[in-house]
Amino acid sequence: MNQPWTQRTRPDRLERRIEFDDYESTRSFLERLNALAESEGRFPDISFGRTYVNLTLRPDEEQPVGEVDQAFAAAIDALL
């Protein structure tokens, strides 16, 4: 089940789990995510398995989650 972005505290962050039908789909998403991260200069924490990806976005320099983080999350969503 794909989960929406969830805002967490201590530390402030956004988290999301995305599930895929197969490994090929997971890998394809990770390659698109890599290109986005490189172009934006932002690198989410990632854990993944054969058919899922867990993402964590942390704001820069101890700031709360803001519009920049929400925009990056939306850009990741657009990769799906």
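Per chain, residues are indexed from 1 in the order of the written sequence. Given that the model is predicted, a residue must reach a pLDDT of at least 70 before its local features are reported, and side-chain atom pairs must reach 80 or more before they are shown or counted; all residues, however, enter totals for whole chains, interfaces and linings. Side-chain measures here rest on the full set of heavy atoms in the structure, leaving out hydrogens and waters.

Enquirer: If you had to explain the packing of helix 1 (residues 23–40) against helix 2 (residues 67–77) to someone new, which residues and values would you point to?
Expert: Lines fitted to C-alpha atoms define the axes, with helix axes restricted to the stretch in contact, and inter-axis angles between N-to-C directions lie between 0 and 180 degrees. Starting at the N terminus, helices and strands are each numbered in turn, a helix being any DSSP run of H or I of at least four residues and a strand any DSSP run of E of at least two. It is at 10 Å that the axes of helix 1 and helix 2 come closest, and there the two elements cross at 145 degrees. Every pair of crossing elements has a handedness; the one defined by helix 1 and helix 2 is right-handed. Of the residues in helix 2, those in contact with F29, L33, L36, A37 and E40 of helix 1 are F72, A75 and I76. Taken together, the residues that form the contact of helix 1 with helix 2 break down as 7 nonpolar, no polar and 1 charged. Handedness of a helix crossing follows the sense of rotation of the near helix relative to the far helix, less than a right angle counterclockwise being left-handed and clockwise being right-handed. Contact between two residues is taken to exist if any of their heavy atoms lie within 4.5 Å; hydrogens are not considered. Gly is put with the polar residues, along with every residue not named as nonpolar or charged; the nonpolar set is Ala, Val, Leu, Ile, Met, Phe, Trp, Tyr, Cys and Pro, and the charged set is Asp, Glu, Lys and Arg.

Enquirer: How would you sum up the pairing of strand 3 (residues 45–49)? Please name residues and give values.
Expert: Pairing between strands is defined by DSSP: at least two bridges between the two strands are required. Note: strand 3 against strand 4 (residues 52–57), 5 bridges, orientation antiparallel. Residue S47 lies in a different strand from strand 4, and its bridge partner there is N54. Connecting strand 3 to the antiparallel partner strand 4 that follows it, the hairpin turn spans 2 residues.

Enquirer: Tell me about the packing of aromatic side chains, and please be specific about residues and values.
Expert: Working definition: a ring pair exists when centres of Phe, Tyr or Trp rings (six-membered ring for Trp) sit within 6.5 Å. Plane angles under 30 degrees give stacked, over 60 give edge-to-face, the rest tilted. A full pass over the atoms with the stated rule returns 1 aromatic pair. Over a ring means this: the NZ of a Lys or the CZ of an Arg is within 6 Å of the ring centre and within 35 degrees of the ring normal. A cation over an aromatic ring shows up here: R17 above the ring of Y52, its NZ or CZ 4.2 Å from the ring centre.

Enquirer: Describe helix 1, listing the residues and the values that go with them.
Expert: One fewer than the residue count of a helix, multiplied by 1.5 Å, yields its expected span. Here helix 1 is 18 residues long and its end C-alpha atoms lie 25 Å apart, about the 26 Å a rise of 1.5 Å per residue gives. Type-normalised accessible area, obtained with a 1.4 Å probe on protein chains alone, sets the label of each residue: buried when under 20%, exposed when over 50%, and partly exposed for intermediate values. By the burial criterion, the buried members of helix 1 are T26, F29, L30, L33, L36 and A37. End-on view of helix 1: buried residues confined to an arc of 125 degrees, all on one side of the axis. Residues E24, E38 and S39 are exposed on helix 1 and point more than 90 degrees away from its buried face. Think of it as the arc spanned by the lines of direction from the helix axis to the C-beta atoms.

Enquirer: Explain the side chain of D12 residue by residue, including any values.
Expert: Assignment of secondary structure puts D12 in the loop between strand 1 (6–8) and strand 2 (13–19). Between N or O atoms, a polar contact is any pair within 3.5 Å; within protein, one atom must be a potential hydrogen donor and the other a potential acceptor, and residues adjacent in sequence are included only when both atoms are from side chains. Within the local environment of D12, its side chain forms a polar contact with the side chain of Q7, the two groups lying 3.2 Å apart. Polar side-chain contacts of D12 include one of 2.5 Å to the backbone nitrogen of V65.

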